[in-house]
Amino acid sequence: IEAQYKLGLMYDSGVGVKKDVNQAFTWYQKAAEQGDSNAQYRVGLMFFNGNGTKRDYKLALYWFKKAAEQGNVLARYQ
């Protein structure tokens, strides 16, 4: 799970790989579905901003809530 999240970070920022928000979303989502709260927060942000995926406020809220329930502080303020 942690490796999937970190791959998402790498693609999101372009560190070590060519920046690709679609790949970032894919890797974040894999980790999020397995319960990683940081990945859940990032998936929420990507749905909220329409970054790497179609903008969807309902799905953004869903992922923010999942992350917040696990104690992710950033997700609580979205």
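Please read all numbers here as calculations on a predicted model, not as lab measurements. Residue indices begin from 1 for each chain and proceed along its sequence in written order. Local features in a predicted model are, by the rule used here, given only for residues with pLDDT of at least 70; side-chain atom pairs are given and counted only at 80 or more, and totals for whole chains, interfaces and linings are based on all residues. Remark: hydrogens and water are excluded; side-chain values derive from all non-hydrogen atoms of the structure.

S.K.: Would you explain the side chain of serine 37 in this entry?
M.R.: Elements are defined by DSSP. Helices are runs of H or I of four residues or more, strands are runs of E of two residues or more, and each kind is numbered from the N terminus. Tracing the sequence through the fold places serine 37 in helix H3 (residues 37-49). Exposure categories follow from relative accessible area, calculated using a 1.4 Å probe and restricted to protein chains: below 20% of the type maximum is buried, above 50% is exposed, and the middle band is partly exposed. For serine 37, a relative accessible area of 18% gives the class buried. Note on definitions: a residue-residue contact is assigned when non-hydrogen atoms from the two residues lie within 4.5 Å. Discounting chain neighbours no more than four positions away, the residues touching serine 37 are Ala67, Gln70 and Asn72.

S.K.: Would you explain the nonpolar core in this entry?
M.R.: The nonpolar side chains of soluble globular proteins are, as a tendency, buried together. The biggest cluster of nonpolar side chains holds 16 residues, and the ones touching the most others in it are Tyr28, Val43 and Phe47. For this core, the secondary-structure elements that each account for two or more residues are helix H2 (21-33), H3 and helix H4 (57-69). With sequence-adjacent residues up to four places away left out, tyrosine 28 is seen in contact with Tyr5, Gly8, Leu9, Asp12, Ala39, Arg42, Val43 and Met46. Put simply, buried Ala, Val, Leu, Ile, Met, Phe, Trp, Tyr and Cys residues joined by side-chain atoms within 4.5 Å make one nonpolar core.

S.K.: Can you help me understand the packing of helix H1 (residues 2-13) against H3 in this one?
M.R.: Angle between the axes and distance between the axes: these two values describe a pair of packed helices. Each axis is a line fitted through C-alpha atoms, taken for helices only over the stretch in contact, and angles between the N-to-C directions span 0 to 180 degrees. Put simply, H1 and H3 touch, their axes get as near as 10 Å, and they point 35° apart. As H1 packs across H3, the resulting crossing turns out to be left-handed. Between H1 and H3, the contacting residues are Tyr5, Leu9 and Asp12 on the first element and Asn38, Ala39 and Arg42 on the second. Split by residue class, the contact of H1 with H3 holds 3 nonpolar, 1 polar and 2 charged. Each crossing is labelled by how the near helix is turned from the far one, with a counterclockwise turn of less than a right angle marking it left-handed and a clockwise turn marking it right-handed. Gly counts as polar in this scheme, as do all residues outside two lists: the nonpolar Ala, Val, Leu, Ile, Met, Phe, Trp, Tyr, Cys and Pro, and the charged Asp, Glu, Lys and Arg.

S.K.: Help me understand the packing of aromatic side chains in this model?
M.R.: Geometrically, a pair of aromatic rings is defined through the distance of the ring centres and the angle of the planes. Only Phe, Tyr and Trp rings take part, Trp by its six-membered ring, and two of them pair if their centres are within 6.5 Å. Stacked means planes under 30 degrees apart, edge-to-face means over 60, and tilted covers everything else. Counted under the stated rule, the structure contains 5 aromatic pairs. Ring centres 5.8 Å apart and planes at 40° place the aromatic pair tyrosine 5 and tyrosine 28 in the tilted group. Highlighted residues: tyrosine 5 in helix H1 and tyrosine 28 in helix H2, separated in sequence by 23 residues. Note on tyrosine 28: relative accessible area 0%, which makes it buried. Plain terms: the ring middles of tyrosine 62 and tryptophan 63 are 5.0 Å apart, the flat faces sit at 80° to each other, and that makes the pair edge-to-face.

S.K.: Even after reading the chapter, I still don't get H1, so can you show me in this structure?
M.R.: For an α-helix the count is 3.6 residues per turn, leaving residues at separations of three or four pointing the same way. End to end, H1 covers 17 Å across 12 residues, agreeing with the expected 16 Å (1.5 Å per residue, within 8%). If you check which residues of H1 are buried, you get Gln4, Tyr5, Gly8 and Asp12. Along H1, the residues classed as buried sweep out an arc of 100° about the axis, all on the same side. Opposite the buried face of H1, at more than 90 degrees from it, the exposed residues are Glu2 and Ala3. Multiplying 1.5 Å by the residue count of a helix minus one yields the expected span of that helix. The directions from the helix axis to the C-beta atoms are what the arc is built from.

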